[in-house]
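These are the residues of each chain, in order.
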Amino acid sequence: MQKLGCVAELDGVREELAVERQAARKVVTVCGGTGCRAPGCMPVVEAARRQLERQGLTDSTRLRVTGCHGFCEQGPIVVVDPGGLFYRHVDPEDVGEIIAVSVARDGAVERLLYVDPVEGKVRPTESDIPFYVAQDRVLLDQNRVVDPCAIEDYIAIGGYTALVKVLTGMTPESVIEEVKASGLRGRGGGGFPTGRKWELCRAAHGTERFVICNADEGDPG
């Protein structure tokens, strides 16, 4: 990723990424959360890379590894777009068939689709599965379209637009007021208001300041 010097350069990169992503006819997404890594999602990813190359589909297909999809007991999870075709308990040996049937063509590998244990019906897409239907994702609504290790994915969906707004059109005080109005709180147990914390920091005496980030994810996996 090149170093960007202005807002126009960021906009230019985002436009280039949009064109690049539109060129992909299919997208194969593999859940890379700890719940899917434990049963072996990374060998599935490597198998997908090999199969896409072997079947001549690398130019028309994007392979993406994302954060946790949430349905950990079904891992490793593979989703094929467009359509959100949902495959569960995928082994590396299954990948060649998935690529041939659902990427090279528009079919489905029936034996790998999710079956609702209550009704006994096949639920072929994420949007059909009760576990997902019951959710209203807000902070994680873009999870399936972003590889957390690829900054390009973040930029492509509008990443850094809030930072641009802050740096070009807001004062420090107005930023703090915005955070206070959002109601954002810490998640360490005390629930301390983030805007109040930033306000206290800005009002502190002295010219040398320190930002301490607790980056422990706390994932039970």
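Quick note: structure is the one above.
Before going into details, it helps to say that this report is about the structure given with it.

Criteria and thresholds
- Counting from 1, residues in each chain are numbered in the order their sequence is written.
- In view of the model being predicted, local features appear only for residues whose pLDDT reaches at least 70, and side-chain atom pairs are presented and counted only at 80 or more, with totals across whole chains, interfaces and linings using the full set of residues.
- Heavy atoms throughout the structure, all of them, feed into the side-chain values; hydrogens and water do not.
- Runs of H or I in DSSP of at least four residues are treated as helices and runs of E of at least two as strands, each being numbered from the N terminus.
- Think of it in three bands: with a 1.4 Å probe and only protein chains considered, a residue is buried below 20% of the maximum accessible area for its type, exposed above 50%, and partly exposed in between.
- We call two residues in contact whenever any of their non-hydrogen atoms come within 4.5 Å of each other.
- For this document, the term salt bridge refers to a Lys or Arg side-chain nitrogen within 4 Å of an Asp or Glu carboxyl oxygen.
- Throughout this description, the term nonpolar core refers to a set of buried Ala, Val, Leu, Ile, Met, Phe, Trp, Tyr and Cys residues connected via side-chain atoms within 4.5 Å.
- Buriedness for pockets is judged along seven lines, at least five of which must meet protein on both sides within 12 Å for an open set on the 1 Å grid over protein atoms alone, while cavities are sets there where a 1.4 Å probe fits but cannot get out, and lining residues have an atom within 4 Å of a point.
- Grid points are joined across faces, edges and corners, and a volume is the space filled by probe spheres set on the points.
- Three classes are used, and their members are as follows: Ala, Val, Leu, Ile, Met, Phe, Trp, Tyr, Cys and Pro are nonpolar, Asp, Glu, Lys and Arg are charged, and the others, Gly among them, are polar.
- Any two of the Phe, Tyr and Trp rings considered here, Trp counted by its six-membered ring, make a pair once their centres fall within 6.5 Å; the pair's planes then place it as stacked at under 30 degrees, edge-to-face at over 60, or tilted in between.

What about the environment of Gly186?
- Structurally, Gly186 can be placed in the loop between helix H8 (172-182) and helix H9 (194-203).
- On the basis of relative accessibility, which here comes to 31%, the residue Gly186 falls in the partly exposed class.
- Sequence-wise, Gly186 and Lys197 are 11 residues apart; in three dimensions their C-alpha atoms are separated by 9.6 Å.
- With sequence-adjacent residues up to four places away left out, Gly186 is seen in contact with Gly191, Phe192 and Thr194.

Here's the deal with the pattern of salt bridges
- The tally for this structure, following the rule as stated, stands at 19 salt bridges.
- One salt bridge in this structure joins Asp106 and Lys26, with 2.9 Å as the shortest N-O distance. Placement of Asp106 in the loop between helix H4 (92-103) and strand S5 (114-115) and of Lys26 in strand S1 (residues 26-31) is noted, with a sequence separation of 80 residues between them.
- Overall, the relative accessible area of 5% leaves Lys26 in the buried class.

Concerning the side chain of Arg21
- Relative to the helices and strands, Arg21 resides in helix H1 (residues 7-22).
- The class for Arg21 is buried, based on a relative accessible area of 18%.
- Beyond its immediate chain neighbours, meaning those up to four positions away, Arg21 contacts Arg62, Glu152, Asp153 and Ala156.

Concerning the nonpolar core
- Formed by 32 residues in total, the largest nonpolar core has its most connected members in Ile77, Phe86 and Tyr87.
- Of all elements in the fold, only S1, helix H3 (41-54), strand S3 (78-81), strand S4 (85-87) and H4 reach the threshold of two or more residues within this core.
- Per element, the largest residue contribution to this core is six residues, and it comes from H3.
- Leave out the neighbours within four places in its chain, and Ile77 touches Thr29, Val30, Cys31, Cys36, His69, Phe71, Phe86, Tyr87 and Tyr132.

Some points on empty space enclosed by the protein
- Inspection of the entire model under this criterion finds one cavity of 30 Å³ or more.
- If you add up the space inside the largest cavity, you get close to 40 Å³.
- Lining the largest cavity we find Val28, Val30, Val44, Ala48, Val78, Val95, Ile98 and Ile99.
- With three residues, the top contributor of residues to the lining of the largest cavity is H4.
- Residue classes in the lining of the largest cavity are distributed as eight nonpolar, no polar and no charged.

Re the packing of aromatic side chains
- In this structure the tally under the stated criterion is eight aromatic pairs.
- Ring geometry for Phe71 and Tyr132: centres 5.9 Å apart, planes at 85 degrees, overall edge-to-face. With Phe71 in the loop between strand S2 (61-66) and S3 and Tyr132 in helix H5 (residues 130-133), this residue pair connects regions lying 61 residues apart in the sequence. Across the pair, Tyr132 and Phe71 agree in class, each one buried.
- With 5.0 Å between their ring centres and 80 degrees between their planes, Tyr154 and Tyr160 make a pair best called edge-to-face.
- By the ring-pair criterion, three or more aromatic residues cluster together here, those being Phe71, Phe86, Tyr114, Phe131 and Tyr132.

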